[in-house]
2 protein chains.
Amino acid sequence: MLSNIRIVLVNTTLPANIGSAARAMKTMGLSDLCLVEPKVFPSPEATALASGADGLLATARVVGTLEEAVADCTLVIGASARSRTIPWPIMDARQAGEAARLESAASKVAIVFGREDRGLTNDELQRCNYHVCIPTDEEYGVLNVASAVQVIAYEVRMAHLMAADKEAGKELQEEDTRMPLEFIRWDKPLVPHDEMEQFYTHFERALVDAGFLAEDNPRQLMARARRIFARIRLDRIEYNMWRGIFTRVQDIAAELKKAKS
Amino acid sequence: MLSNIRIVLVNTTLPANIGSAARAMKTMGLSDLCLVEPKVFPSPEATALASGADGLLATARVVGTLEEAVADCTLVIGASARSRTIPWPIMDARQAGEAARLESAASKVAIVFGREDRGLTNDELQRCNYHVCIPTDEEYGVLNVASAVQVIAYEVRMAHLMAADKEAGKELQEEDTRMPLEFIRWDKPLVPHDEMEQFYTHFERALVDAGFLAEDNPRQLMARARRIFARIRLDRIEYNMWRGIFTRVQDIAAELKKAKS
């Protein structure tokens, strides 16, 4: 189904952007690239920036008009940075990903990106079924064209993967062991990273003092300890409680050592 | 709240990637960039690729270690391309965006990206609370570092905007495109409730033996201990590790008692 989804770049000026867009596509499992009157193509720069995705450039189709690029598509979505004089049905990137996925089960979809400096023309946008708008910062909306391709391709892939999971009934199966991700309201301030580093150092010292841990090879166990506390994240009171326990363990280990000598 | 979210780039080799990452951040409303030992910085190439986001480069902080970069953060999320020997709680980009949004209301968050060729080291990843993995094509997962920043920054912004919409009563039409935060995959079986009861009993015994806890009034501390482990939920290996530690503490306490008598 991903093979039914085409990325169309219109009048791209910089070869680097074509290469980066190809790479972005391939990381997300897309392979159908169509270039409408690129300024320079092929070019060594595009190939360099495509980094392992040069095969995708080799099979890219170059055409003279947007019409040719989207002729066989039943759904055409045009990337648009700003609202237009004639309002068009606008999707966000997530909706576009889901729409492309649904449509691609039966027929071809094109997602169209415009020029680096001024995007798609009004005429081109009016040839699209929908517009997709990536919500950028109000004061700085200059998303690079390859970055826009990356975000949309990512949403296409996410829609695809989520649907596949759903179909396989993998939302919550018994054979899967699951761990909850906890982001709940908390009353006490959480301890920042640098103090947690002191915590791990103290924990490790206490375990070594207690003879539980070989000083020369603590790695595996300490990695597990880190993973446990990374999951919980401690508040101030809990943190002090543990530090107190570690100190107590060190104290009795020291007393024992003294008593034995 | 977006100002509480920091992007950390570790040992970036190419100045172009630093510039592109800055641009990606700014388009999504992020402004806090921290560079850990970049190979070259500042550089004309980074500034050129930052496009209008060069102000963000001017305020970027350059530090010597990951520790310094994340010292004041309560939540640290590390970008990881592959699964690790010790599995860590892994979020997808959408969950990471939502987690960063929730946490940033109260404190600082860092999202950490590694080297172009080999990402973050195991040691660096173990200093993170969670890992975030962008689901790439199985056969071609070479996401450019600035592209990864773009995707994560986009998800952070989306989480932010969707929450703002919700607050304003503008509910999404397609509620099912939102990823629930509740569960992540885990490889080892979790310990059931009844064994956890034995765990608490053992923990309490060890603390009493170590003289940390008054046998007649353990309530408050044990309640906190329960709350901590209820939050984490332990898998089998972790459970056995703790039981081993408790036993060791009991052993040295018993030895000490014997030595003293």
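About the thresholds
- Residues numbered from 1 in each chain as written.
- Chains lettered and ligands numbered in written order.
- Predicted model: local features only at pLDDT ≥ 70, side-chain atom pairs only at ≥ 80, totals over all residues.
- Helix = DSSP H or I, 4+ residues; strand = E, 2+ residues; numbered from the N terminus.
- Buried ≥ 20, exposed ≤ 12 C-beta atoms within 10 Å, placed from the backbone.
- Contact = placed C-beta atoms within 7 Å.
- Pairing = 2+ DSSP bridges.
- Core = buried A, V, L, I, M, F, W, Y, C linked by C-beta atoms within 7 Å.
- Nonpolar A, V, L, I, M, F, W, Y, C, P; charged D, E, K, R; others polar.
- Expected span 1.5 Å × (residues − 1).
- Axes fitted to C-alpha atoms, helices over the stretch in contact; angles between N-to-C directions.
- Parallel < 35°, antiparallel > 145°, perpendicular 65-115°, else oblique.
- Left-handed = near helix turned anticlockwise from the far one by under 90°.
- pLDDT = per-residue confidence, 0-100.

Is there a simple way to think about the overall build of chain A in this case?
Counting its secondary structure elements, chain A contains 10 helices and 8 strands. Counting every position in chain A, which comprises 261 residues, the buried fraction comes to 43%. Considering only contacts in chain A between residues 6 or more positions apart, those separated by 24 or more positions represent 82%.

How should the sheet that holds strand S6 (residues 108-113) of chain A be read in this particular structure?
Two pairing modes exist for strands in a sheet, parallel and antiparallel, and in both the strands are linked by backbone hydrogen bonds. Residue and element names in this part refer to chain A. Spatially, S3-S2-S1-S6-S4-S7-S5 is the arrangement adopted by the 7 strands of the open sheet, whose pairing is parallel. Only two strands of the sheet have a single partner each, and these edge strands are strand S3 (61-63) and strand S5 (90-91). As paired strands, strand S1 (residues 5-10) and S6 are joined by 5 bridges and run parallel to one another. Along S6, the bridge assignment pairs Arg6 with Ala110.

Honestly, the nonpolar core in this entry has me stumped. Any pointers?
Across soluble globular proteins, nonpolar side chains show a tendency to be buried alongside one another. In terms of nonpolar packing, the biggest core is built from 149 residues, with A:Val112 and B:Val112 touching the most fellow members. Aside from chain neighbours lying at most four places away, what touches A:Val112 is A:Val8, A:Val10, A:Leu66, A:Val76, A:Ile77, A:Gly78, A:Ala79, A:Leu120 and A:Cys128.

Any chance you could explain the pairing of S6(A) here in plain terms?
Consecutive side chains along a regular strand alternate between the two faces of the sheet. Residues and elements named next belong to chain A. Of all 6 residues that make up S6, 5 are buried, and the element is covered over most of its length. With 5 bridges connecting them, strand S4 (residues 73-79) and S6 associate as parallel partners. Directly across from Ile77, in S6, lies its bridge partner Ile111.

Would you mind going over the interface of chain B and chain A with me for this structure?
Interface extent is often summarised as the accessible area lost during association of the parts. Contacts between the two partners involve 73 residues from chain B, matched on the other side by 65 residues from chain A. In terms of residues, the side of chain B that touches chain A owes the most to one element, helix H10 (residues 236-260) of chain B, which gives 11 residues. Its residues assigned to classes, the side of chain B that touches chain A comprises 40 nonpolar, 16 polar and 17 charged.

What should I look at first to understand helix H1 (residues 15-27) of chain A in this one?
Given 3.6 residues per turn, any residue in an α-helix points the same way as the ones three and four places further on. For H1(A), spanning 13 residues, the distance from its first C-alpha to its last is 19 Å, which sits close to the expected 18 Å at 1.5 Å a residue. Here H1(A) lies mainly inside the structure; 12 of its 13 residues are buried. All buried positions along H1(A) are accounted for by A:Pro15, A:Asn17, A:Ile18, A:Gly19, A:Ser20, A:Ala21, A:Ala22, A:Arg23, A:Ala24, A:Met25, A:Lys26 and A:Thr27. Elements that come into contact with the buried residues of H1(A) comprise S1, strand S2 (32-36), helix H2 (44-50), helix H3 (54-58) and helix H7 (145-167) of chain A together with helix H7 (145-167) of chain B. The positive-phi residue at the C-terminal boundary of H1(A) is A:Gly29, with phi of around 85°.

I'm lost on helix H5 (residues 93-104) of chain B in this one. Help?
All names here are of chain B. Helix length check: H5 (12 residues) gives 16 Å between terminal C-alpha atoms against 16 Å at 1.5 Å per residue, within 8%. When you tally the buried positions in H5, you get 11 out of 12 residues, the bulk of the element. If you check which residues of H5 are buried, you get Ala93, Arg94, Gln95, Ala96, Gly97, Glu98, Ala99, Ala100, Arg101, Glu103 and Ser104. Elements that come into contact with the buried residues of H5 comprise strand S1 (5-10), strand S4 (73-79), strand S5 (90-92), strand S6 (108-113), strand S7 (130-133) and H7.

I keep staring at the environment of B:Leu221 and nothing clicks. Help me out?
Relative to the helices and strands, B:Leu221 is located in helix H9 (residues 219-232). Between the C-alpha atom of B:Leu221 and that of B:Glu204, which follows or precedes it by 17 residues, the distance is 9.2 Å. Contact partners of B:Leu221, with chain neighbours within four places excluded, come to A:Met241 and B:Leu213.

What's the story with unusual backbone geometry in this structure? I'm lost.
Most peptide bonds take the trans configuration, and most residues that are not glycine carry a negative phi. Residue and element names in this part refer to chain A. Note the cis peptide between Phe41 and Pro42, where omega equals -5°. Notably, Asn11 is not glycine yet its phi reads approximately 50°, a positive angle. Mapping Asn11 onto the fold places it in the loop between S1 and H1. One non-glycine residue, Ser51, lies in positive phi territory at about 45°.

Looking at this structure, how should I read the packing of H7(A) against H7(B)?
To describe two helices that pack against each other, one gives the angle between their axes and the distance between the axes. The interhelical angle for the contact between H7(A) and H7(B), taken along N-to-C directions, is 60°, at an axis separation of 10 Å. Our classification of the angle between H7(A) and H7(B) gives oblique. The two elements H7(A) and H7(B) cross, and the hand of that crossing is right-handed. Across the interface between the two elements, A:Ser147, A:Gln150, A:Val151 and A:Tyr154 of H7(A) pack against B:Ser147, B:Gln150, B:Val151 and B:Tyr154 of H7(B). Here the residues of the contact of H7(A) with H7(B) are counted per class, giving 4 nonpolar, 4 polar and no charged.

Mind showing me how you'd approach the sheet that holds S5(B) here?
Residue and element names in this part refer to chain B. Spatial ordering of the open sheet is given by S3-S2-S1-S6-S4-S7-S5, a layout of 7 strands whose pairing is parallel. Each edge of the open sheet carries a strand with a single partner, namely strand S3 (61-63) and S5. Taking each pair of neighbouring strands and ignoring which way they run, the sheet shows an average axis angle of 30°. Sheet contacts for helix H1 (residues 15-27): S1 and strand S2 (32-36); angle to S1, the most-contacted strand, approximately 165°.

Where do I start with the pairing of S2(A) in this structure?
All names here are of chain A. Here 5 bridges tie S1 to S2, and the two strands are oriented parallel to one another. Bridging from a neighbouring strand, Leu9 pairs with Leu35 of S2. For S2 and S3, the ladder comprises 3 bridges, and the chain directions are parallel. Bridged to Cys34 within S3 is Arg61.

Teacher, can you tell me more about the confidence of the model for chain A here?
Detailed conclusions should not be drawn from predicted coordinates in areas where pLDDT is low. A residue-level look at chain A finds 89% of positions with pLDDT of 70 or above and a mean pLDDT of 87. Two numbers describe this predicted complex: its pTM, 0.81, and its ipTM, 0.80.

Looking at this structure, I do not really get the packing of H1(B) against H7(B). What am I missing?
Residue and element names in this part refer to chain B. Contact pair H1 / H7: the axes reach a minimum separation of 8 Å and the direction vectors enclose 10°. The orientation of H1 with respect to H7, classified from their angle, is roughly parallel. Like other packed secondary-structure pairs, H1 and H7 cross with a definite hand, here right-handed. Residues Asn17, Ser20, Ala21, Ala24 and Met25 of H1 form the contact with H7, whose participating residues are Val145, Ala146, Val149, Gln150 and Ala153. Its residues assigned to classes, the contact of H1 with H7 shows 7 nonpolar, 3 polar and no charged.

Can you walk me through the environment of B:Phe41 in this structure?
Residue and element names in this part refer to chain B. Position of Phe41 relative to the elements: it lies in the loop between S2 and helix H2 (44-49). Considered as a pair, Phe41 and Leu213 are 172 residues apart in the sequence and their alpha carbons are 54 Å apart. Not counting residues within four places of it along the chain, the set of residues in contact with Phe41 comprises Pro15, Ile18, Leu35, Ala46 and Val62.

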